[in-house]
Amino acid sequence: MDAYTPQLPDEDNLYEHHSFTVDKGQTPLRIDKYLMNFVENATRNKIQAAAKNGSIYVNDEPVKSNYKVKPFDAIRVLFAHPPFENLLVGEDIDIDVVYEDDDLLVVNKAPGMVVHPGHGNYSGTLINALIHRFDNLPNNSSERPGLVHRIDKDTSGLLVVAKTEEAMAHLSLQFANKTSEREYVAIVWGNVKDENGTVEGNIGRHPKNRLQNTVFFGDDEDKGKPAVTHYSVLERLGYVTLVSCKLETGRTHQIRVHMKHIGHTLFNDERYGGEKVLKGTTFTKYKQFVDNCFKVLPRQALHAKTLGFVHPRTGEFMRFDTEIPDDMQQCIEKWKTYSKHQEI
């Protein structure tokens with residue numbers, strides 16, 4: 001499924017919030033069910049209400065929620081107000097700044113904080129905090145102030161933010177040319193076979209669930225963008241493994257997608273199925289143990305631990321490192337204790 005070319009605003013002063021072109025292989029499916037796979041944080045009730053209000057268009061005609069989508073249908077969701085992510089408002093939010101100078105700052109993002117406003121998350125984001133703190137941050141290619149790169153809402157860890165146009169250009173080029181250094185730590189399901197390995201596989205939007213990405217290979221390879229992840233085992237904890245992942249590229253959900261692709265979904269990664277018991281026994285006590293781990297770490301087990309780059313003004317290579325956050329560390333300790341007393 002490809003993105004449909006946006007038209008903002010249209011002749012009736014409506015603003016486009018979402019647009020899709022239905023894939024050629026799509027079987028007939030009610031549009032409310034279809035959109036639930038493509039619009040983040042959407043519920044069926046919200047979609048049905050939007051259809052009732054005449055906000056969902058197919059091939060430029062409003063449709064009801066029981067309309068069945070067909071291959072190549074052009075779907076647009078239109079409202080009388082502009083998308084909230086375009087309305088940036090500064091907010092006084094505490095952020096953990098680990099380094100700052102006149103050109104840039106490095107932030108240790110807390111888990112649960114969204115990096116930039118988007119559908120369903122219009123406030124409380126890192127960008128809201130940044131534009132409250134700084135005037136005239138440079139925009140990146142997506143018109144997002146200061147952002148050189150991003151990490152997912154429930155991933156914790158390091159981000160570099162540009163404060164000048166020169167810093168934005170210089171840092172963005174380093175990320176594009178793969179010269180920046182990025183190391184993550186993750187807890188993944190299963191006992192990873194090899195001590196070290198590399199996952200190579202083009203990553204793109206999942207054809208049936210736009211909220212996920214997937215690996216494309218063979219004849220479908222051109223549907224994704226090249227992605228390379230190097231991993232190494234840090235500690236074996238029985239039914240899970242603590243790994244280090246170094247990114248050569250920076251695709252959306254790259255580590256989450258690549259590790260699932262090789263059979264090691266991230267622990268408690270709900271979007272990719274890691275919130276289920278994927279390895280282990282059928283004993284009730286074990287399931288209770290895993291549930292307790294999920295409660296301690298109510299997010300995917302992923303932390304952006306190390307970040308390195310060349311300073312855009314001084315030319316000095318700078319490397320920053322953070323501790324594994326408390327929720328993830330508690331989960332690791334639980335697995336350490338469990339694995340010591342089990343024959344796995």
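Details of the structure are given in the entry above.
Here we summarise the structure given alongside this text. Predicted model, so just to flag it, every value in this text is computed and none were measured.

## Some words on the nonpolar core
- In terms of nonpolar packing, the biggest core is built from 30 residues, with Ile 95, Leu 126, Leu 130, Tyr 184, Val 188, Ile 255 and Leu 266 touching the most fellow members.
- Of all the secondary-structure elements, those providing two or more residues to this core are strand S9 (104-109), helix H3 (126-133), strand S10 (156-162), strand S11 (181-189), strand S15 (228-236), strand S16 (240-247), helix H5 (254-261) and strand S17 (302-310).
- In terms of residue count, H3 provides more of this core than any other element does, 4 residues in total.
- Apart from residues no more than four positions distant in its own chain, Ile 255 is found in contact with Tyr 184, Thr 229, Cys 245, Leu 247, Leu 266 and Leu 302.
- Core analysis: the next-biggest nonpolar cluster, separate from the first, contains 21 residues, Tyr 286, Ala 301, Cys 331 and Trp 335 among them.

## Here we look at helix H2 (residues 44-52)
- All of the buried residues along H2 are Ile 47, Ala 50 and Ala 51. Buried residues of H2 fall within an arc of 100° about the axis and therefore sit on the same side. Of the exposed residues in H2, the ones pointing more than 90 degrees away from its buried face are Asn 45, Lys 46 and Lys 52.
- At the exit of H2 stands Gly 54, carrying a positive phi of roughly 75°.

## Quick notes on unusual backbone geometry
- With phi around 50°, Asn 59 is a residue other than glycine that occupies positive phi space.
- Using a relative accessible area of 41% as the deciding quantity, one classes Asn 59 as partly exposed.
- At Phe 72, a position not held by glycine, the phi torsion is positive, near 70°.
- Mapping Phe 72 onto the fold places it in the loop between strand S6 (68-69) and strand S7 (74-79).

What counts and what doesn't
By convention here, each chain's residues receive numbers from 1 onward along its written sequence. Residue-level local features of this predicted model are given only where pLDDT is at least 70; pairs of side-chain atoms are given and counted only at 80 or more, and the full residue set underlies all totals for whole chains, interfaces and linings. Note that the side-chain values use all heavy atoms of the structure and ignore hydrogens as well as water. What is meant by a nonpolar core is a set of buried Ala, Val, Leu, Ile, Met, Phe, Trp, Tyr and Cys residues, joined one to another through side-chain atoms within 4.5 Å. Think of it in three bands: with a 1.4 Å probe and only protein chains considered, a residue is buried below 20% of the maximum accessible area for its type, exposed above 50%, and partly exposed in between. Going along the chain from the N terminus, every DSSP run of H or I of four or more residues is numbered as a helix, and every run of E of two or more is numbered as a strand. Contacts between residues were defined by any pair of non-hydrogen atoms, one from each residue, lying within 4.5 Å. The directions from the helix axis to the C-beta atoms form the arc being described.

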